[in-house]
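Architecture and fold: a report
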Amino acid sequence: MLGTDFSTGSPNWLDLGSPDTDAAARFYGALFGWNFVAAGPEAGGYGFFQLQGKTVAALGPLTEEGAHSAWMVHFMTPDIQATTEAVRAGGGAVRMEPMDVMGEGWLAQYTDPQGAEFACWQPGRTAGLGLASADNTLVWAELHVPDPQAGIAFYQGVFGWRHAEMQAPGMTYRVLSVAAGDQEDGSFGGVAPLGEGAGEEARWVPYFNVPDVDATTAAAQRNGGSVLMPGADVPDVGRLAWLADPAGAVFALLKPDPRM
């Protein structure tokens, strides 16, 4: 599971682009108990979701023409220029060239060869999220693409990730781990084949750890969210559900199996 001792290729930041940041702050505040703290006038409306006084995600207005509301998973890199070249070499696209974010770190945004958007953060004063894997925080990051094996090959070229295969209902699931250290301890996410349902697209989906998937799903519906996949038990994983917030940003809930 995710922690805050970041290494190359581990998720270290997560933010939401929304057409209505006030509405998004209210929705996730009601859902997870998050407080929104604005970063100040120079940040263009960007700010931080906090829990227990620690940053668990961030929120800002949509900035790209034609963009729709979505969560963006960021991965740690010690050298964002080298990572950018590796993305290009692997057939990915650079949507935003590396930029210095007021000394807090360096940011760049990319699209992988199958269309999934992601970002990288090279730590400066800010290493990344302050809390992960606790209740109501990021616990897992999942890539959905048409060709999982090609997806893994691309990200291995960028970050050196390792993977292990496991059988899930109706598919082979691939668990991702960072390049260094024990492979199981370094796992942070997975890759699944893209579904064929309406609205399915290549993307990274953040999973949030919740103590009660069904209660949180009901709270999302009461506050204007929608259910894409109702709560279901997955053997050796836990109970999960897929939701969308009122602006359409997709995310998932997970109550991990206590044996994980």
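Note: the structure precedes this text.
Here the residue numbering is sequential within each chain, running from 1 through the sequence in written order. Owing to the predicted nature of the model, reporting of local features is limited to residues with pLDDT of at least 70; listing and counting of side-chain atom pairs is limited to 80 or more, with chain, interface and lining totals taken over all residues. Heavy atoms from the whole structure form the basis of all side-chain values; hydrogens and water molecules are not counted.

1. With respect to the overall build of the chain
The helix and strand tally for the chain stands at 4 helices and 16 strands. Over its C-alpha atoms the chain spans a radius of gyration of 17 Å, differing by no more than 12% from the 18 Å that the globule rule assigns to 260 residues. Dimensions of the chain, computed from C-alpha atoms along their principal axes, come out at roughly 50 × 45 × 35 Å. Only protein chains enter the accessibility calculation, which uses a 1.4 Å probe; a residue whose area is less than 20% of its type maximum is buried, one above 50% is exposed, and one in between is partly exposed. Taking all 260 residues of the chain together, 47% fall into the buried category. Contacts are residue-level and defined by heavy atoms, with any inter-residue pair within 4.5 Å sufficient. Summarising the internal contacts of the chain: among those between residues at least 6 apart in sequence, 57% fall at separations of at least 24. Counting every atom, the chain has about 11500 Å² of accessible surface; 51% of that belongs to carbon and sulfur. Counting rule applied: Lys, Arg positive; Asp, Glu negative; His and chain ends not counted. Lys charges are placed at NZ, Arg charges at CZ, Asp charges at CG and Glu charges at CD. Taking the average place of the 12 positive charges on the side chains of the chain and the average place of its 30 negative ones, the gap between the two points comes to 5 Å. Secondary structure elements are defined from DSSP: runs of H or I of at least 4 residues count as helices, runs of E of at least 2 residues count as strands, and each element is numbered from the N terminus. Radius of gyration: over C-alpha atoms. The globule rule applied is 2.2 Å multiplied by the number of residues raised to the 0.38 power. Here the accessible surface of atoms and residues is derived via Shrake-Rupley with a 1.4 Å probe, and residues count as covered only by protein chains that are part of the display.

2. Looking at the side chain of Ser177
Along the chain, Ser177 falls in strand β11 (residues 171–177). Residue class for Ser177 comes out buried when judged on its relative accessible area of 2%. Of note is the side chain of Ser177, whose polar atom sits 2.6 Å from the backbone oxygen of Gln183. As used in this structure description, the phrase polar contact means that two N or O atoms lie within 3.5 Å; if the pair is within protein, one of them must be able to donate a hydrogen and the other to accept it, and residues adjacent in sequence are counted only when both atoms belong to side chains.

3. Considering unusual backbone geometry
Of note in the backbone geometry, Gln52 takes a positive phi value of approximately 55 degrees without being a glycine. By the element assignment, Gln52 lies in the loop between β3 (47–51) and β4 (54–61). Owing to a relative accessible area of 65%, Gln52 belongs among the exposed residues under this scheme. The phi torsion at Ser133 lies on the positive side, around 70 degrees, for a residue other than glycine. Structurally, the position occupied by Ser133 is in the loop between β8 (117–123) and β9 (138–145).

4. Regarding the sheet that holds β11
At least two DSSP bridges between two strands are required for those strands to pair. Overall, mixed pairing links the 8 strands, which are arranged β10-β11-β12-β9-β13-β16-β15-β14 in an open sheet. Here the strands that pair on one side only, and so sit at the sheet edges, are β10 (162–168) and β14 (226–234). When the angles between neighbouring strand axes are averaged without regard to direction, this sheet yields 25 degrees. Two strands pair when backbone bridges link them, and β14 and strand β15 (residues 238–244) are joined in this way by 6 bridges, in the antiparallel orientation. From the neighbouring strand, Val227 faces β15, where its bridge partner is Leu243. Where helix α1 (residues 21–32) meets the sheet, its contacts fall on β13 (203–209) and β16 (250–256), and the angle it forms with β16 comes to roughly 10 degrees. Packed onto the sheet, helix α4 (residues 213–222) meets β14, β15 and β16 and runs at close to 10 degrees relative to β15. To get an axis, fit a line to the C-alpha atoms, keeping to the stretch in contact for a helix; angles then go from 0 to 180 degrees between the N-to-C directions.

5. Concerning the pattern of salt bridges
Salt bridges are identified by distance alone: a Lys or Arg side-chain nitrogen within 4 Å of an Asp or Glu carboxyl oxygen. Tallying each qualifying case throughout the model produces 7 salt bridges. Across the pair Arg125 and Glu104 runs a salt bridge whose closest N-O atoms are separated by 3.1 Å. With a gap of 21 residues between them, Arg125 in the loop between β8 and β9 and Glu104 in the loop between β6 (93–100) and β7 (105–111) connect regions that are remote in the sequence. Judged by its relative accessible area of 61%, Arg125 falls in the exposed class. Assessed through its relative accessible area of 25%, Glu104 is described here as partly exposed. When the shortest N-O distance is used, the salt bridge between Arg239 and Asp214 registers 2.8 Å. Of this pair, Arg239 sits in strand β15 while Asp214 sits in helix α4, placing them 25 residues apart in sequence. Taken together, the salt bridges that share partners define one network made up of Glu85, Arg88 and Glu97.

6. Here we look at the layout of surface pockets
Here a cavity is any set of points on a 1 Å grid over the protein atoms alone where a 1.4 Å probe fits but cannot get out, and a pocket is any open set with protein on both sides within 12 Å along at least 5 of 7 lines; a residue lines the site when it has an atom within 4 Å of a point. Grid points are joined across faces, edges and corners, and a volume is the space filled by probe spheres set on the points. Each pocket or cavity is described by its volume, and for the second largest pocket that value is around 1000 Å³. Taken together, 33 residues form the lining of the second largest pocket, with Asp15, Tyr46, His74, Leu107 and Gln109 sitting closest to its centre. Contributing elements (two or more residues each) for the lining of the second largest pocket: β1 (11–18), β4, β5 (70–76), β6, β7 and β8. The class makeup of the residues in the lining of the second largest pocket is 18 nonpolar, 9 polar and 6 charged. Residue classes follow a fixed rule: Ala, Val, Leu, Ile, Met, Phe, Trp, Tyr, Cys and Pro count as nonpolar, while Asp, Glu, Lys and Arg count as charged, and any other residue, Gly among them, counts as polar.

7. Observations concerning the packing of aromatic side chains
Stacked, edge-to-face and tilted are the three classes for Phe, Tyr and Trp ring pairs, Trp counted by its six-membered ring, which pair at centre distances within 6.5 Å; planes under 30 degrees apart are stacked, over 60 edge-to-face, the rest tilted. Per the stated rule, a full pass over the model turns up 34 aromatic pairs. On the basis of an interplanar angle of 65 degrees and a centroid distance of 5.6 Å, the ring pair of Trp71 and Phe208 is categorised as edge-to-face. Remark: Phe208 occurs in strand β13 and Trp71 occurs in strand β5; sequence separation between them is 137 residues. Residue class for Trp71 comes out buried when judged on its relative accessible area of 5%.

Coordinates in, geometry out; function isn't part of it.
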